[in-house]
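Overview (structure and organization)
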Amino acid sequence: MKLDQSVKDYGEKFKKEYSLLRRAIRRYDRIVVYRHSKPDYDAMGTQMGLVTFLKDNFPNKEIHFVGDNHVTFTPRLFPVTEKLPDSFFADPFMAIVVDVGDTDRIADPRFQKAKYVAKMDHHPCKEQIARHPIVDLGAAAASEIVVDFCLNWKGASLSKEAARYFYIGLVGDSGRFMYSSTTAHTFAIAQGLIATGISISDIYLEMYEKKIDDLKVTAYVLNHFAVSPHGVAYYCLPAKVQEELKITSEQGKTNVNLFSNIAGINAWCSITEDPNPKDWCWRVSIRSKKADISPIAFKWGGGGHAQASGARIKDLTELDAFIKDLDDMFA
Ligand code: AMP
């Protein structure tokens, strides 16, 4: 396939890193692909796209994927994650970490036992886990970077199956190509994926089809949201309500974008109680129209991107202070 100029330019920018990564992939017979815990479309799509690409091009290598499953994505969109025994990690292997910046968010800590760690990501990160990381904070999705790497690999082939996974990641993290992180390069990557023959209408159906019961959750959100003085819309889903609605906290956040196109709403959040907390209780998903909300997410124990970030609060006594921090951005 003829490469788009933006893909060629990207390949030139990461020429050294791509070459080192190809060399490492060729060298190791056992490779494990990692992503972040509490996965989203991009985390799982990028992970499974890369696993499939590697299996297709290196059928004699052992390629694995690990991490927690998603309550509705697996096995509907992605295969159930493998459970690798500790004994697997005793022999040399390569770890490829995708779509995650901070070490404590990597879904399986055993990447630390790898002889070689590679990383492809679009999150800001304080720690350096790979010697030659391939990181582009401006990429709309981790999938955008990994597909670029695949397309720039001369002689390697991108199958329809791998492209389907990658496309899910690209669409998921770019908000269906709506977020400002979407660039000409993002579309060039989409073009490369569509050229494999995937049906994007089938993929959208698989990703976004809802059940009648999902409408009850939407109804609850529409009846219980609040808006701060300067246009921060938010809704809370306590564990008890999740139980009544028969949803998990992961499912609870999927209504957050109900507020994305409302005049006067500058940012919006879902605040869902985690029924199995370790050291924190409520997960917050924050989205914004234009403002960079990631510093607020960072302040509140999370991080992410300018228009889509995640944070956490201990309990609802912290809610007002959290919303005020966001609200002050628009005062
Ligand atoms: P979410 O609201 O969970 O869909 O997350 C939105 C974006 O923020 C995704 O790119 C996540 O990877 C990122 N994110 C969510 N939670 C955190 C966190 N605790 N630390 C860093 N990034 C996060």
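Residues numbered from 1 in each chain as written. Predicted model: local features only at pLDDT ≥ 70, side-chain atom pairs only at ≥ 80, totals over all residues. Heavy atoms only, no water.

This brings us to the pattern of salt bridges. Going through the model one piece at a time under the given rule, you end up with 14 salt bridges. A salt bridge links Lys 38 to Asp 274; the shortest N-O distance between them is 3.2 Å. Linking Lys 38 in the loop between strand S1 (30–34) and helix H3 (41–57) with Asp 274 in the loop between strand S8 (267–273) and strand S9 (282–288), this pair joins segments that are 236 residues apart in sequence. Among the salt bridges present, the one from Lys 324 reaches Asp 328, with a minimum N-O distance of 2.9 Å. With Lys 324 and Asp 328 both in helix H12 (residues 319–328) and four residues apart, this pair spans about one turn of that helix. Several salt bridges converge on common partners, so that one network encompasses Asp 86, Asp 108 and Arg 110. (Salt bridge = Lys/Arg side-chain N within 4 Å of Asp/Glu carboxyl O. Helix = DSSP H or I, 4+ residues; strand = E, 2+ residues; numbered from the N terminus.)

This brings us to the site of the ligand. In the vicinity of the ligand there are 16 residues, among which His 123, Lys 253, Ser 285, Arg 287 and His 305 approach most closely. At 3.3 Å, a backbone N or O of Gly 303 approaches a nitrogen atom of the ligand. Within the complex, the protein chains bury 89% of what would otherwise be the 480 Å² of accessible surface of the ligand. Of all elements in the fold, only S9, strand S10 (303–304) and strand S11 (308–313) reach the threshold of two or more residues within the shell around the ligand. Taken together, the residues that form the shell around the ligand break down as one nonpolar, ten polar and five charged. (Near = heavy atom within 4 Å. Polar contact = N/O pair within 3.5 Å; in protein donor to acceptor, adjacent residues only side chain to side chain. Areas by Shrake-Rupley, 256 points an atom, 1.4 Å probe, with all protein chains shown as cover. Nonpolar A, V, L, I, M, F, W, Y, C, P; charged D, E, K, R; others polar.)

Turning our attention to helix H1 (residues 5–13). All of the buried residues along H1 are Ser 6, Val 7, Tyr 10 and Gly 11. Along the long axis of H1, the arc covered by the buried residues comes to 140°, so they all point the same way. Close packing links the buried residues of H1 with helix H2 (15–27), helix H4 (142–151) and helix H6 (184–194). (Buried < 20%, exposed > 50% of the residue type's maximum accessible area, 1.4 Å probe, protein only. Arc of directions from axis to C-beta. Contact = heavy atoms within 4.5 Å.)

A word on unusual backbone geometry. Most peptide bonds are trans, and most residues other than glycine sit at a negative phi. A cis amide bond, omega 0°, links Thr 74 with the succeeding residue Pro 75. Its location among the elements puts Pro 75 in the loop between strand S2 (62–65) and strand S3 (94–98). Although it is not a glycine, Asp 99 sits at a positive phi angle of roughly 60°.

With that settled, consider the environment of Asp 68. Among the structural elements, Asp 68 can be located in the loop between S2 and S3. Residues Asp 68 and Asp 148 lie 80 residues apart in sequence; the distance between their C-alpha atoms is 26 Å. Not counting the four nearest positions on each side in its chain, Asp 68 is found in contact with Arg 35, His 36, Ser 37, Lys 38, Pro 39, Met 44, Thr 81 and Ala 107. Of note is the side chain of Asp 68, whose polar atom sits 2.8 Å from the backbone nitrogen of Lys 38.

Secondary-structure assignment places Thr 72 in the loop between S2 and S3. For the pair Thr 72 and Glu 250, spaced 178 residues apart in sequence, the C-alpha separation works out to 8.9 Å.

Assigned domains within the chain: domain 1 (5–207) and domain 2 (214–328). Inter-centroid distance (C-alpha atoms) of domain 1 to domain 2 is 27 Å. The partner domain 2 presents eleven residues to the twelve residues of domain 1 that form the contact. A combined buried area of about 950 Å² lies between domain 1 and domain 2, and 52% of that area is made up of carbon and sulfur atoms. (Domains from an automatic or database assignment. Buried area = accessible area lost by both parts, 1.4 Å probe.)

Taken together, the five strands give an open sheet; going across it, the order is S2-S1-S3-S4-S5, and neighbouring strands pair in parallel fashion. At either end of the open sheet lies a strand with only one pairing partner, and these are S2 and strand S5 (134–135). Packing of H4 onto the sheet brings it into contact with S3, strand S4 (116–121) and S5, and relative to S4 it is tilted by some 115°. (Pairing = 2+ DSSP bridges. Axes fitted to C-alpha atoms, helices over the stretch in contact; angles between N-to-C directions.)

With that out of the way, let us pick up the environment of Lys 290. Positionally, Lys 290 belongs in the loop between S9 and helix H11 (294–299). Taking the C-alpha atoms as reference, Lys 290 lies 29 Å from His 70; in sequence the two are 220 residues apart.

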